[in-house]
Amino acid sequence: MNITQARIIIDSVARRVIAHADELTELDQAIGDGDHGLNMRRGFEAVLADLDTLAAGDVGALFNGVGRTLVMKVGGASGPLYGTLFMQLGKSWPAELNAQTLHATCRAAVDAVAARGKSQQGQKTMLDVLVPMCDELATGADCAALRARCAACAQATVPMLATRGRASFLKERSIGHLDPGARSSQLMIEAVCDCLENAG
Amino acid sequence: MSNVGIVIVSHSPDVAKGAADMVRQMVGQGIPLAWTGGNPGGGLGTSVEGILGAIDAAWSDAGVAILVDMGGAETNSEMAIEMLEPARQGKVVICNAPVVEGAVMAATEAWSGSDLATVKRTAEELNHDLD
């Protein structure tokens, strides 16, 4: 992947999140503090505004810069979490991209998110989409498989009991709602898949 | 100043400022103190940039103890600490304590000249009182 392709992917991810900001906020109003969409929109609008500068270097520098922007601009817990994801992608972005190095890089980034959030898969969070994404990449999955798995995993957060994050305050009342972080992760992965498929 | 500094981080600027007002009235001017609240858009939330600014404002060579209210305030504070220059990172800690009471207790301990670990421990003793 060159910097032009990476820039297109970031642009697409940002626009996808911004387009779904109201939906994310509605999901968060049900089980969180109702600011996920607003916060993510603010963060990704800052990314779009700075994209020329952020994309002035290599792919690693772009992802790292996106992460730093999200950390500084988002404002909720999702800022440091998604910020960590992109910063770690940037730090460990491989010189030679293939199925193995992509998997290792994504796994390291998702592990960093888990460490930052002191969380793990199964707690009704973004990790319930991000960890399965890594599992799919480990098998060399194509975009169609990745998209299907991440959609199913986001939906699978609906019956889950939240044990981490704001939703955990609700205990069993968190059951029956789609997790906003799982949904935003799914949206980003879909945006990346769209870019890759359009590029053929 | 040689006393440990105190930083108060809340989702609400009103809560953060109010807690800081209580510290100033109860403990006085003998410690570096700063507060921050609200997200980068001006709504409820916390801001890494704001937290970094507050750490700077309350900086002491003896270190800085941060009191946070919940969730993102803690995560953003951890992120802010990691973004400090390496020499400063080890001198900033987050106290696992209620934000208002913890700030007053930590500030009282800091004012007596205690080191950072003692300030943190004193604030966190509140948790045992609550059990």
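Residues numbered from 1 in each chain as written. Chains lettered and ligands numbered in written order. Predicted model: local features only at pLDDT ≥ 70, side-chain atom pairs only at ≥ 80, totals over all residues.

J.: Account for the pairing of strand E1 (residues 5-10) of chain B, with residues named and values stated.
T.: All names here are of chain B. With respect to burial, E1 is a largely interior element, six of its six residues being buried. Across the two faces of E1 the burial is the same, with Gly5, Val7 and Val9 and Ile6, Ile8 and Ser10 all buried. Pairing analysis gives five bridges linking E1 to strand E3 (residues 64-68), with the strands arranged parallel. Among the inter-strand pairings, isoleucine 6 is bridged to a residue of E3, identified as alanine 65. (Buried ≥ 20, exposed ≤ 12 C-beta atoms within 10 Å, placed from the backbone. Helix = DSSP H or I, 4+ residues; strand = E, 2+ residues; numbered from the N terminus. Pairing = 2+ DSSP bridges.)

J.: Which residues make up the nonpolar core, and what values do they have?
T.: By size, the foremost hydrophobic cluster in this structure holds 93 residues, and its most contacted members are Ile6(B), Ile8(B), Leu67(B) and Ala106(B). In contact with Ala106(B), not counting residues within four places along its chain, are Ile6(B), Ala65(B), Leu67(B), Cys95(B), Val119(B), Thr122(B) and Ala123(B). (Core = buried A, V, L, I, M, F, W, Y, C linked by C-beta atoms within 7 Å. Contact = placed C-beta atoms within 7 Å.)

J.: Mind laying out the environment of Leu97(A), listing which residues take part and the relevant values?
T.: All names here are of chain A. Among the secondary structure elements, leucine 97 is positioned in the loop between helix H6 (78-91) and helix H7 (99-117). Sequence separation of leucine 97 and cysteine 193 is 96 residues, and the distance between their C-alpha atoms is 16 Å. Residues in contact with leucine 97, not counting those within four places in the same chain, are Met1 and Leu102.

J.: Provide a residue-level description of the interface of chain B and chain A, including the pertinent values.
T.: With 14 residues of chain B in contact, the opposing surface of chain A contributes 18 residues. Looking at the side of chain B that touches chain A, the elements with two or more residues in it are helix H2 (48-57) and helix H3 (72-83) of chain B. Ranked by residues supplied to the side of chain B that touches chain A, first place goes to H3(B) with four residues. The class makeup of the residues in the side of chain B that touches chain A is three nonpolar, ten polar and one charged. (Nonpolar A, V, L, I, M, F, W, Y, C, P; charged D, E, K, R; others polar.)

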